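Residue strings, one per chain:
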Amino acid sequence: MPVVLAQVRRLDAQVDRISLVPFISAEGAGEPEGNGLEGQLAGINALSTPRVNELLRIARALSTATSSRPLLPSSHIRGLLLQSGLVRREGEYAARNHYESEIEWLVVGKATIQTYGLILNTLLDQIIPLSDDIWYWDEVLSSYTYSSIYTVQTSPLRMWTWTKGVYHGSRARLRRLYQSSSAGRFEAEGLGSSAAQQWRQFYSIVRESVAERSISDIQRKILSPVALCRSQARRKQTQLRRLREMIASGLGVLIDEGLSFDIAEEDGKSEVADSSHEWKGVLERSVALMDMVLRGVLTLEDGISEFEDRVFAGVEEDPELSIHMEDANAAERPAVLARRLLDLLGSGIPSHIAATREVAGQSGRPSKLVRYWLPAGLLIISSSTILRILANRKADIINWVQDLGTTVKDFWFNWVIDPVRKIIGTIRHDSSSEIALMSRESLKADRDSLERMVVDFAIDKPNLAVGASSLTDAQIADIRAKVKEGDVSPVLRAYEKDLRTPFVGAVKGDLVRALLIQVQKTKVDLEIAISGIDALLKSQELVFGFVGLTPGVLVLVAALQYVRTLSGGRKGMYQSQRAGRSIRVLRNIDRILSEATPSQNNLLSYKDHGLLVCEVHVLRKLAHGLLPGDIEKEFLEDLDDLANLKGIQIQVKALERIRWAYSRWLK
């Protein structure tokens, strides 16, 4: 399609430039109505009539510059041609002026370009499925396993064909039997015979038909079914290749010879003016060329050269060309072209599409019903068993689904929502979310209790505490301060004294009391250590919050990645297939350029150019979305160099440039 669009836009711009030449010349010379100001006024009046305005509107509608769709459908083109009134105005040619005639040619020219693009697009769209079918037969012939699968797939069709042949043979024999038998013999041997005799006669006729069918199909007795199917696949592939080459040759003829105005973009006004006298003849020959190509492209019995010679000979001998119509009025030529375009759009193109579809259907890949009847049949046969298994395990399946839903729900709330809520609470300094290994008032209460125990012990045993009979307030305050710092020396001295005689100290001394105070001291030391750990945890509470969230996030990311892989894997596989197919298209292009026989001008033949344009068209479609945007623009420029007729050497260099410049994406 992009190749066709570029061609149509270029031709449309050339027609615009050529068609303006008569108006510019008339404006400069004051023709055709008169000279000077009067001639210009007459020209303005001639261009202001309703008929001219209607033709200009139709020309704009047929133009690729203003249309939202550069290629219009055939029904739209036919409707615009009918609206132009060219076909209905056979008796009004004398009443038209020079300007109106030129605008009619402009309308016909733009309609011809649209029809030309429509035919090119039709031929391209027909070649691509043919290539797919040829690749299908390549796969069937590339492996004995694929050939065996194809044999199984087509076995019902072969059985049906054989049965239909036996049926028609038996029916023909019965008809000949009844026609050759006389009335008396018919009654004696036919109607007058018993049912058993009639059945034996019918059975003998069927057996003879089967025997005759077996003799005619002697090849089936020599070759295996797989070999027969491979032979059939090879024959269909050859037929498709011949059809593809014929369509490609017609495509090349139209691209190289159709609507060839021989005007470059940098030409000057003088060269455009010279071409303006011949472009109407180019339109006539191009319409005849399109007609001949559509008529002869499906003649597969002839070769490529015979087809091309017949097309060009038919164009030269076309009776509707103005050079063969000596008494034709020049004003009738747009109407003749309009009628031919209407015939092409109304019957030529649809007939060609239907005939091509029929030929391709006979040699193309089998339908989906033929290819998948075996797995579909097995699925239908086993459907009752599958439904019965599902019905018997309905409760288990429901429980599995419910358990799966509950598990997913609990995971979401316990491992994702709750950790996130705790992290948010930590960030906002929520007291309820702080980590705590012990109560806040527990350490203070135990310290106060230890302080009272030691002070009471020192008051009761002052001689062990300070070596005096009583304690002063200063000494008691000093003991309190030391206890807060962890110093319980009075208790330890009593404990050391009683430990010398533990039994006496336990009964008469203070060993038990000192031991219990040390237990309280150990408890306080333990709580101080836990308090330090608690402070450390609180300082890293946000880190622990993210650590708690990490497992849920990892599982969630893994699940999302798996779901993405299910869809992205197909996309990656699809892109890989497109890249692989692009390599095959480049290989086909290389083969076309390598095997091509250049002409005297070092250009490709019509068939090779048509095949090359087809492959370039396929490659453009495959590369869309496979390459980045800026790289794709450069790629399309190189494809244009590859498709244009600039010489085989330039095309070969363009192919080499495509290979090394875009090999990163076309792998």
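Look up: the structure comes first, before these words.
Residues numbered from 1 in each chain as written. Predicted model: local features only at pLDDT ≥ 70, side-chain atom pairs only at ≥ 80, totals over all residues. Heavy atoms only, no water.

Help me understand the overall build of the chain, please; the structure alone is not making it clear to me.
For the chain, the helix and strand inventory stands at 29 helices and zero strands. In the chain, which comprises 667 residues, the proportion classed as buried is 37%. When contacts within the chain are restricted to residue pairs at least 6 apart in sequence, long-range pairs at least 24 apart make up 78% of them. Surface exposure of the chain reaches about 38,700 Å², of which carbon and sulfur atoms provide 57%. (Helix = DSSP H or I, 4+ residues; strand = E, 2+ residues; numbered from the N terminus. Buried < 20%, exposed > 50% of the residue type's maximum accessible area, 1.4 Å probe, protein only. Contact = heavy atoms within 4.5 Å. Areas by Shrake-Rupley, 256 points an atom, 1.4 Å probe, with all protein chains shown as cover.)

What is the right way to look at the packing of aromatic side chains in this model?
Aromatic ring pairs are reported here in terms of the distance separating the ring centres and the angle at which the planes meet. Scanning the model with the defined rule gives five aromatic pairs in all. Geometrically, the ring pair formed by Trp-105 and Trp-279 is edge-to-face, given 6.4 Å between the ring centres and 65° between the ring planes. Placement of the pair is Trp-105 in helix α6 (residues 98-142) and Trp-279 in helix α13 (residues 279-296), with a sequence separation of 174 residues. Overall, the relative accessible area of 2% leaves Trp-105 in the buried class. Given a relative accessible area of 2%, Trp-279 falls into the buried group. Considering the side-chain rings of Phe-635 and Tyr-662, the 5.0 Å spacing of their centres and the 90° angle between planes classify their relative orientation as edge-to-face. Residue Phe-635 is found in helix α28 (residues 629-643), and its partner Tyr-662 is found in the segment after α29 (648-661); the two are separated by 27 residues along the sequence. Residue Tyr-662 is classed as buried on the basis of its relative accessible area, which comes to 3%. Ring pairing ties together the aromatic residues Tyr-136, Trp-137 and Tyr-150, which thus form one cluster. (Phe/Tyr/Trp six-rings, centres within 6.5 Å; stacked < 30°, edge-to-face > 60°.)

Any chance you could explain the packing of helix α17 (residues 373-381) against helix α18 (residues 383-392) here in plain terms?
A pair of packed helices is characterised by two quantities: the angle between their axes and the separation of those axes. For the pair α17 and α18, interaxial distance at closest approach is 4 Å and the crossing angle is 45°. With respect to their mutual orientation, α17 and α18 come out oblique. Residues Leu-379, Ile-380 and Ile-381 of α17 form the contact with α18, whose own contacting residues are Ser-383, Ser-384 and Ile-386. Of the residues in the contact of α17 with α18, the class split is four nonpolar, two polar and no charged. (Axes fitted to C-alpha atoms, helices over the stretch in contact; angles between N-to-C directions. Parallel < 35°, antiparallel > 145°, perpendicular 65-115°, else oblique. Nonpolar A, V, L, I, M, F, W, Y, C, P; charged D, E, K, R; others polar.)

How should the environment of Leu-259 be read in this particular structure?
Position of Leu-259 relative to the elements: it lies in the loop between α11 (225-257) and α12 (269-276). Residue Leu-259 is classed as buried on the basis of its relative accessible area, which comes to 2%. In sequence terms Leu-259 and Val-15 are 244 residues apart; their C-alpha atoms lie 9.8 Å from each other. Sequence-distant contacts of Leu-259, defined by excluding residues within four places in its chain, comprise Leu-11, Thr-112, Ile-113, Tyr-116, Val-282, Leu-283 and Ser-286.

Sorry, what's going on with the environment of Glu-527 here?
Along the chain, the position of Glu-527 falls in helix α25 (residues 511-539). Each C-alpha atom, one on Glu-527 and one on Lys-444, is 9.7 Å from the other, the two residues being 83 residues apart in sequence.

I'm lost on the nonpolar core in this one. Help?
Considering soluble globular proteins, one finds that nonpolar side chains tend to be buried as a cluster. Membership of the largest hydrophobic core comes to 108 residues, with the highest contact counts inside it found for Leu-254, Phe-261, Ile-589, Phe-635 and Leu-642. If you look at the next biggest cluster of nonpolar residues, it comprises 18 residues, including Val-455, Leu-471, Val-483 and Val-491. (Core = buried A, V, L, I, M, F, W, Y, C linked by side-chain atoms within 4.5 Å.)

Looking at this structure, how should I read the pattern of salt bridges?
Two side chains carrying opposite charge are able to pair once their charged atoms lie near each other. Going through the model one piece at a time under the given rule, you end up with 22 salt bridges. For Asp-396, the salt bridge goes to Arg-393, with nearest N and O atoms at 3.6 Å. The class for Arg-393 is partly exposed, based on a relative accessible area of 41%. In this structure, Arg-591 and Glu-595 form a salt bridge, with 3.3 Å as the shortest nitrogen-oxygen distance. Of this pair, Arg-591 and Glu-595 both sit in helix α26 (residues 541-595), four residues apart, roughly one helical turn. Relative accessible area serves as the criterion here: at 41%, Arg-591 is assigned to the partly exposed category. On the accessibility criterion, Glu-595 (55% relative accessible area) is exposed. (Salt bridge = Lys/Arg side-chain N within 4 Å of Asp/Glu carboxyl O.)

Looking at this model, I keep getting lost on the side chain of His-609. Mind explaining?
Here His-609 is to be found in helix α27 (residues 606-623). With residues up to four places along the chain from it excluded, the contact list for His-609 reads Ile-255, Asp-256, Leu-604, Ala-643 and Leu-645.

Can you help me understand the packing of helix α20 (residues 442-460) against helix α22 (residues 473-484) in this one?
Where α20 contacts α22, the two axes come as close as 10 Å, and the packing angle between them is 140°. Taken as axis vectors, α20 and α22 run oblique relative to one another. Where α20 crosses over α22, the two elements pack in a sense that is right-handed. Where α20 abuts α22, its residues Leu-450, Glu-451, Val-454, Val-455, Ala-458 and Ile-459 lie against Ile-476, Ile-479, Arg-480, Val-483 and Lys-484. (Left-handed = near helix turned anticlockwise from the far one by under 90°.)

Looking at this structure, how should I read the side chain of Asn-588?
Counting through the fold element by element, Asn-588 comes out in helix α26. Ignoring any residue separated from it by four or fewer positions in sequence, one finds Asn-588 in contact with Trp-135 and Glu-615.

Would you take a moment to explain α13 for this structure?
Helical geometry note: an α-helix holds 3.6 residues per turn, so side chains three or four residues apart project in the same direction. When the terminal C-alpha atoms of α13 are compared, their 25 Å separation across 18 residues agrees well with the 26 Å that a helix rising 1.5 Å per residue should span. Burial analysis of α13 places 16 of its 18 residues in the buried class, which makes it a mostly covered element. (Expected span 1.5 Å × (residues − 1).)

Just checking my understanding: could you explain a nonpolar patch on the surface for this structure?
A contiguous nonpolar patch, built from Leu-379, Ile-386, Leu-387, Leu-390, Ile-397, Trp-400 and Val-401 and spanning about 690 Å² of accessible area, is present on the exposed surface. Those elements that provide at least two residues to the nonpolar patch are α18 and α19 (394-427). With respect to the helices and strands, the residue Leu-390 is situated in helix α18. Given a relative accessible area of 44%, Leu-390 falls into the partly exposed group. (Patch = residues over 30% accessible without salt bridge, like charges linked within 9 Å, V, L, I, M, F, W, Y side chains within 5 Å.)

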